[in-house]
Amino acid sequence: MNIIQRIEWRLYKNRKKRKLKNHDMTIISSNCNGEFIYYDMGLKFMSPTINLSFDMNDYVKFLSNLKWYLEQEIVEYNDERFDYPTGMLGDIEIRFNHYSTFDEAVSKWNERKKRVNWDNLYILGIDGDNCTYESMVKFDQLPFKNKVIFTHKPYPEIKSSFYIPGFEDNGSVGVLLYFKKQFFIRRYLDDFDYISFLNRKDS
């Protein structure tokens, strides 16, 4: 990454910041995509879904009764598949990918869930993390005004889907926070105009 690329990348993010009119939104995300939008835009984390991930089928279940699940306590659960903390929220597993301890993860979850702005919700999902087509359909039917599920191929019948090119041979989208192979620095996530999406507060 040379100096020209670094400067252009900083200017690019600053242009996005200036265009963003909605600053107190809660982004509920199945993985770190929401977190990086907060981070890049210099916003306070108004969501508990930071530094963690869900299996997408669990995530859709979580969204289907969001207020109830956020009232439940997270119980420590040792999933031997992972080398980071995991917990059960009712019948849903949460993978605390970027926390050192379970106690730290739960403390942050409880702190941030109090900030949820129920009048300004934005929902992000992906067609990965074991997502089934049935779960995509259920996601599309969820009663949230502003939601999007990122997919590795077009799904015209899924109104909330957004196709991210580059993962057609993978069976699902990959890590959208990775940088694309091009001169100017862009993440795969930048294919999506999330500024316009987040500015749809009153739509």
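Before reading further, recall that the structure is shown in the block above.
Computed from a predicted structure; not experimentally measured.

Caption draft 1: Representation of empty space enclosed by the protein within the structure. Within the structure shown, the criterion is met by one cavity of 30 Å³ or more. A volume near 30 Å³ is recorded for the largest cavity. Looking at the largest cavity, the residues that line it are F36, I37, D40, L177, R187, L189, D190 and Y194. Element by element, the count of residues in the lining of the largest cavity is highest for helix α2 (residues 33–40), at three residues.

Caption draft 2: Spatial organisation of the environment of N51. Relative to the assigned elements, N51 resides in the loop between α2 and α3 (56–64). For the pair N51 and Y99, spaced 48 residues apart in the sequence, the C-alpha separation amounts to 7.1 Å. The contact partners of N51, leaving out residues within four places of it in the chain, are C32, E35, R95, F96, N97, H98 and Y99.

Caption draft 3: Structural view of the nonpolar core. Ranked by internal contacts, the top residues of the largest apolar core, which has 60 residues, are Y59, F62, L63, W109, F150 and L198. Not counting the four nearest positions on each side in its chain, F62 is found in contact with I28, T49, F54, Y69, L70, L89, I92 and W109.

Caption draft 4: Looking closely at α2. By the criterion of burial, α2 is predominantly enclosed, with six of the eight residues buried. Within the sequence span of α2, burial applies to N33, G34, E35, I37, Y38 and D40. At its buried positions, α2 is contacted by α1 (3–19), β1 (26–29), β5 (121–126), β6 (147–151) and α7 (194–198). Downstream of α2 by a residue or two, G42 has a phi angle that is positive, lying close to 65°.

Caption draft 5: Layout of the layout of surface pockets. Size it by volume and the largest pocket reaches roughly 340 Å³. If you go around the largest pocket, you meet 21 residues; those closest to its centre are N31, S53, R95, N97 and D129. Looking at the lining of the largest pocket, its residues break down into nine nonpolar, seven polar and five charged.

Caption draft 6: Representation of unusual backbone geometry. Of note in this structure, N51 is not a glycine but carries a positive phi near 60°. One non-glycine residue, N130, lies in the positive phi region at around 70°. Here N130 shows up in the loop between β5 and α6 (133–141). A relative accessible area of 57% means that N130 is categorised as exposed.

Caption draft 7: Region of interest: the sheet that holds β5. An order of β1-β5-β6-β7 is seen for the four strands of this open sheet, with the pairing classed as parallel. Two strands close off the open sheet at either side, each with one partner strand: β1 and β7 (161–163). If you compare each strand with its neighbour and ignore which way they point, the axes differ by 25° on average. For β6 and β7, the ladder comprises three bridges, and the chain directions are parallel. The residue of β7 that forms the bridge with T151 is Y163. Where α3 meets the sheet, it contacts β1, β5 and β6, and its direction lies at approximately 160° from that of β5.

Caption draft 8: View of α6. Listing the buried residues of α6 in full gives S135, M136, F139 and D140. Axial view of α6: buried residues confined to an arc of 145°, hence all on one face. For α6, the exposed residues set more than 90 degrees away from the buried face come down to E134 and Q141. Packed against the buried residues of α6 are α3, β5 and β6.

Caption draft 9: Region of the structure containing the sheet that holds strand β2 (residues 74–76). The three strands lie next to each other as β2-β3-β4, forming an open sheet whose pairing is antiparallel. Both edges of this open sheet fall to β2 and β4 (92–95), since each of them pairs with a single strand only. Between one strand axis and the next, the sheet turns through 35° on average, direction left out of account. As judged from the four bridges shared by strand β3 (residues 86–89) and β4, these two strands associate in the antiparallel manner. Bridge assignment links G87 to a residue of β4, and that residue is I94.

Reading the values: the criteria
Numbering of residues starts from 1 in every chain and runs along the sequence as written. Only residues with pLDDT of at least 70 are given local features in this predicted model, and only at 80 or more are side-chain atom pairs given and counted; all residues enter the totals for whole chains, interfaces and linings. Side-chain calculation: all heavy atoms of the structure are included, whereas hydrogens and water are not. Cavity and pocket criteria rest on a 1 Å grid covering protein atoms alone: a 1.4 Å probe that fits but cannot get out defines a cavity, protein on both sides within 12 Å along at least 5 of 7 lines defines an open pocket, and an atom within 4 Å of a point defines a lining residue. Grid points are joined across faces, edges and corners, and a volume is the space filled by probe spheres set on the points. Strands here are runs of E lasting at least two residues and helices are runs of H or I lasting at least four, both read from the DSSP assignment and numbered beginning at the N terminus. Should any heavy atoms of two residues lie within 4.5 Å, those residues are considered in contact. We call a set of buried residues a nonpolar core when its members are Ala, Val, Leu, Ile, Met, Phe, Trp, Tyr or Cys and they connect through side-chain atoms within 4.5 Å of each other. Throughout, exposure labels follow a simple rule: accessible area from a 1.4 Å probe, protein chains only, divided by the maximum for the residue type, with under 20% read as buried, over 50% as exposed, and the rest as partly exposed. Three residue categories are used. Nonpolar comprises Ala, Val, Leu, Ile, Met, Phe, Trp, Tyr, Cys and Pro, charged comprises Asp, Glu, Lys and Arg, and polar comprises the others, including Gly. The pairing criterion is simple: DSSP has to find at least two bridges between the two strands. All axes here are fitted lines through C-alpha atoms, helices being fitted over the stretch that makes contact, and every angle between N-to-C directions spans 0 to 180 degrees. Arc definition: it is the arc formed by the directions from the helix axis to the C-beta atoms.

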